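# Structural overview
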Amino acid sequence: MSTLVILGAQWGDEGKGKLTDYLAKKADFVVRYQGGDNAGHTVEIGEKQFKLHLIPSGIFYGDKICILGNGLVVNPKSLLEEIKYLNDRGINTDNLKISDRAHIIFPYHIKLDQLEEERKGKDKIGTTVKGIGPCYKDKVERTGIRMCDIFYNESFEAQLRENIKNKNEIINKIYGSESLNADEIVEEYLGYIEMIKKYVTDTTALLNDAVKEGKSILFEGAQGTFLDIDFGTYPFLTSSHPISGGVSIGSGINPFALKGALGVVKAYTTRVGRGPFPTELNDEIGDEIREKGHEFGTTTGRARRCGWLDIVMLKYSAQINGFSSFAVTKLDTLAGFEKLKICVGYELDGKIINTFPASLETLARCKPVYEELDGWKEEDMRNIEKFEDLPKAAQDYIKRIEELTEVSVGIVSIGPKRSETIIREEIM
Ligand code: GDP
Ligand code: IMO
Ligand code: MG
């Protein structure tokens, strides 16, 4: 497939980074189309582990053009730190490009994120406090500052000062907190923009030319379908569009140019931050999954909430994203459980439903209906290369996902490394 999006089918952290790195081998371009440094994508190559927040997971090959699309909100400080982190480890970042239409995160976005979470108290979202929501808010409000603005230092500074002044009013008068220092921020950012100018370009033109030339383009989603601002568990979600529909909006390729969508599905469910989670396990099984799967956030280090696989979610996700196939990750984490459960429907007011409700109050009244499957004993599945060599119960688990969702599982991941990947279908 010449254009493919790899995106999370659940609440993020499904293993998109690993899959993107794996599939990028055959790609010419790897493109992020939404989010910012709230993402944390882990890639393991040999004995080395890398954690990326902004830079696409195709960077490790050296020859792939890696793009931060217009749909991103970019914190230049984090970006420069990430470039340094990679360069210090011998990874070349010369092929990085940033859309001239991407928005910039400033310290007032981060401050407002933090203040708003504090104000919400027990009702907080549990954001990554990276300023993501406030930056997207400015974009929609039409007061944001974009990458193209950094080439005009004078107007950049004037707009930045105006924004800081306005935000300080909010920070003082609404939140009763201390003002940010405009001179310090201006000086800091005038420094950053000099260092990032060389990466900024018209990535929309670049990508549409690449589409015309039949180049191979991978889009790397951040977050996941249930964190999508429209289709997720509102308001406990992020402020962008991780879904496949977001690819066109966040990169500028025409919507008909996208040929496929790979839904990355963790073999169970996890979530960081607050919000509803029908199959959550607040017991020793949940704890065991967290320990075995090392379910701690890549960006914030927070313990991820864990629960059984939810087919209702996957069906909804498949509907919205039009998945051409699934990649099921972390199947190895489930090894050793005698019995496994998957949620095949929700019971609501005595009836079984298999659609995902919009209202969180309705969702809270839904009780998961489980089907029980046999577990498998082999604790170490990592050296298996063929699907047929997996324990039979593990194969049956995957086949049951296919039956219930009507989406084929093209890839099964049994460990964080490139080699720990079983390919059942040609994806890219
Ligand atoms: P992303 O945000 O979707 O890229 O996922 P994260 O990197 O935040 O979290 C996924 C974690 O699981 C990372 O630590 C990966 O190295 C790891 N991982 C990915 N696939 C597998 C797998 O099949 N098995 C195991 N055990 N770990 C995996
Ligand atoms: P990757 O790309 C998991 C969650 C936060 C919070 C909510 C809003 O690694 O899968 P935000 O800072 O975006 O305003 O936070 O979204 N969240 C993620 N959860 N994986 C992520 O990214 C996430 N990015 C944001 O925990 O609940
Ligand atoms: Mg992550």
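Each value, and the rule that gives it
Residues numbered from 1 in each chain as written. Chains lettered and ligands numbered in written order. Predicted model: local features only at pLDDT ≥ 70, side-chain atom pairs only at ≥ 80, totals over all residues. Heavy atoms only, no water. Disulfide = S-S within 2.5 Å. Donors = N, O, S within 2.8 Å, 3.2 Å for Na, K, Ca; no water. Helix = DSSP H or I, 4+ residues; strand = E, 2+ residues; numbered from the N terminus. Near = heavy atom within 4 Å. Areas by Shrake-Rupley, 256 points an atom, 1.4 Å probe, with all protein chains shown as cover. Domains from an automatic or database assignment. Polar contact = N/O pair within 3.5 Å; in protein donor to acceptor, adjacent residues only side chain to side chain. Nonpolar A, V, L, I, M, F, W, Y, C, P; charged D, E, K, R; others polar. Core = buried A, V, L, I, M, F, W, Y, C linked by side-chain atoms within 4.5 Å. Buried < 20%, exposed > 50% of the residue type's maximum accessible area, 1.4 Å probe, protein only. Contact = heavy atoms within 4.5 Å. Salt bridge = Lys/Arg side-chain N within 4 Å of Asp/Glu carboxyl O.

### Digging into the state of the cysteines
Applying the stated criterion to the full structure yields 0 disulfides. With no disulfide of its own, Cys 343 lies closest to Cys 366 among cysteine sulfurs, the gap being 9.1 Å.

### Regarding the coordination of the magnesium ion (ligand 3)
A metal bound by six donors in octahedral fashion has ideal angles of 90 or 180 degrees, whereas one bound by four tetrahedral donors has an ideal angle of 109.5 degrees. Coordination of the magnesium ion (ligand 3) by the protein comes from Asp 13 (OD) and Gly 40 (O), over a distance range of 2.0 to 2.2 Å. Taken together, the residues Asp 13 in the loop between strand S1 (3-8) and helix H1 (16-23) and Gly 40 in the loop between strand S2 (29-32) and strand S3 (41-45) connect sequence positions 27 residues apart.

### Some details on the site of ligand 1
Near ligand 1 there are 20 residues, and of these Lys 16, Gly 40, Thr 42, Asp 332 and Ser 413 occur at the shortest range. Protein coverage of the free-state accessible area of ligand 1, which is 580 Å², stands at 93%. At the level of secondary structure, the elements contributing two or more residues to the shell around ligand 1 comprise H1 and S3. At 3 residues, H1 tops the list of elements feeding residues into the shell around ligand 1. A domain split of the shell around ligand 1 shows at least three residues from each of domain 1 (3-99 + 201-260) and domain 3 (266-423).

### Structural notes on the site of ligand 2
Taken together, 20 residues surround ligand 2, and among them Lys 16, His 41, Thr 128, Gln 223 and Thr 238 come closest. One nitrogen or oxygen atom from the main chain of Gly 40 is found 2.9 Å from an oxygen atom belonging to ligand 2. At 2.6 Å, a side-chain N or O of Thr 238 approaches an oxygen atom of ligand 2. When ligand 2 is considered free in solution it has 550 Å² of accessible area, and contact with the protein chains removes 97% of it. The residue makeup of the shell around ligand 2, split by class, is 7 nonpolar, 10 polar and 3 charged.

### A closer look at the nonpolar core
Soluble globular proteins tend to pack their nonpolar side chains together in the buried interior. Counting 54 residues, the largest nonpolar core has Leu 23, Leu 79, Met 147, Phe 156, Leu 160 and Leu 218 as its most contacted members. Three or more residues apiece are contributed to this core by two domains, here domain 1 (3-99 + 201-260) and domain 2 (103-196). The contacts of Leu 160, once residues within four sequence positions are left out, are Phe 106, Tyr 108, Ile 145, Ile 185, Val 186 and Tyr 189. Listed in part, the 52 residues of the second largest apolar core include Ile 217, Cys 306, Leu 390 and Leu 404.

### Details of the pattern of salt bridges
On inspection of all chains with the given rule, the structure shows 30 salt bridges. The partner of Arg 305 in a salt bridge is Glu 280, with the nearest N and O atoms 2.8 Å apart. Taken as a pair, Arg 305 in strand S13 (residues 305-307) and Glu 280 in the loop between strand S12 (269-271) and helix H9 (284-292) lie far apart in primary sequence, 25 residues in all. A relative accessible area of 22% places Glu 280 in the partly exposed class. For Arg 290, the salt bridge identified is with Asp 287, shortest N-O distance 3.0 Å.

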